[in-house]
Structure formats: C-alpha cells, structure tokens
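Tertiary structure, described
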Amino acid sequence: MPARARKPVAAALEVERVQTGVKIEKRLLKVLKALAEYLDMTLGDLLEGVVLHAFEGKAPFERATLARIEQLKKIYGLELDARHSHRLREREAT
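In this text the structure is predicted, and so the values were computed from the model without any measurement.

A look at the overall build of the protein
Each helix and strand counted, the protein has 3 helices and 0 strands in total. In sequence order, the protein lays out its α and β elements as α-α-α. Here the protein has a C-alpha radius of gyration of 17 Å; the compact-globule value for 94 residues is 12 Å, and the former is much larger. Dimensions along the principal axes, computed over C-alpha positions, put the protein at roughly 65 × 35 × 25 Å. Per-residue burial for the protein yields a buried fraction of 14% across its 94 residues. When contacts within the protein are restricted to residue pairs at least 6 apart in sequence, long-range pairs at least 24 apart make up 55% of them. Of the side-chain charges in the protein, 18 are positive and 14 negative, and the distance between the mean point of each set is 7 Å.

A closer look at the pattern of salt bridges
Using the criterion set out here, one finds 7 salt bridges in the structure. Notably, a salt bridge pairs Arg17 with Glu48, separated by 2.6 Å at the nearest N-O pair. Here Arg17 is found in the segment before helix 1 (26–38), whereas its partner Glu48 is found in helix 2 (residues 43–55), with 31 residues between them in sequence. Residue Arg17 is classed as exposed on the basis of its relative accessible area, which comes to 53%.

Observations regarding the side chain of Thr65
Along the chain, Thr65 turns up in helix 3 (residues 63–76). A relative accessible area of 14% places Thr65 in the buried class. Once residues within four sequence positions are removed from consideration, Thr65 is found in contact with Leu35 and Leu39.

The rules behind each value
- Residues take numbers from 1 onward in each chain, read along the sequence in its written order.
- Reporting of local features is limited, given that this is a predicted model, to residues whose pLDDT is at least 70; pairs of side-chain atoms are given and counted only at 80 or more, and all residues count toward the totals for whole chains, interfaces and linings.
- Side-chain calculation: all heavy atoms of the structure are included, whereas hydrogens and water are not.
- Starting at the N terminus, helices and strands are each numbered in turn, a helix being any DSSP run of H or I of at least four residues and a strand any DSSP run of E of at least two.
- The size measure is the radius of gyration over C-alpha atoms, and the globule rule it meets is 2.2 Å times the number of residues to the 0.38 power.
- Three labels apply to residues, based on accessible area from a 1.4 Å probe with only protein chains included: buried if under 20% of the type maximum, exposed if over 50%, partly exposed otherwise in between.
- The contact criterion used is simple: two residues touch if any of their non-hydrogen atoms lie within 4.5 Å.
- Only four residue types enter the charge count, namely Lys and Arg as positive and Asp and Glu as negative; His and the chain termini do not.
- Charged groups are reduced to one reference atom each: NZ for lysine, CZ for arginine, CG for aspartic acid, CD for glutamic acid.
- By salt bridge we mean one thing: a side-chain nitrogen of Lys or Arg within 4 Å of a carboxyl oxygen of Asp or Glu.

Structure representation (structure tokens):
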C-alpha cells in the first residue's frame, strides 16, 4: 500500500491586518471563539479562513469539525442557521 502523499507546505504570505469593530450575534461569537480555541488559532485567522473558502464556494470545515461546531452550538444555545442570515435584526435597547 503506497504511503499517503503529503501536501507541500505553502510559504507564509505577508499581509497587512487592520483592527475592526464589527457587531455580531452574541451566541454566534461565543461559538466562533470556542471553535478558534479548539482549532488552536485566533478568531481572526478562523474568520479569514472561512471567508476565503466561501469566496471560492468551498466548505471551510471537515466532517469532524462540523460535529464539534454542532456540540458548541448546543452548549451556547445557538439555534440560528443559514436560513436566518438575512433576517436578523438587532434587539431594541431598553
């Protein structure tokens, strides 16, 4: 049985990152932060990867990571999914 071919490691690319202030749904942020921690990466790195995959129409996560995301969604009470993405509105301040 042949050895599994390894993908060559790409050289690091130098980029300019900027600090940004975005509002995001609270439970969604908790799941993203927990997932970044689980994957041992920063939240920014996770978001960049998700967006770059989405821009190419590719799925950003493997089956095992999707299972972990489902666990985290249950932990943090996140019931939102893609169907909700264009219907979210911010709660009125009281």
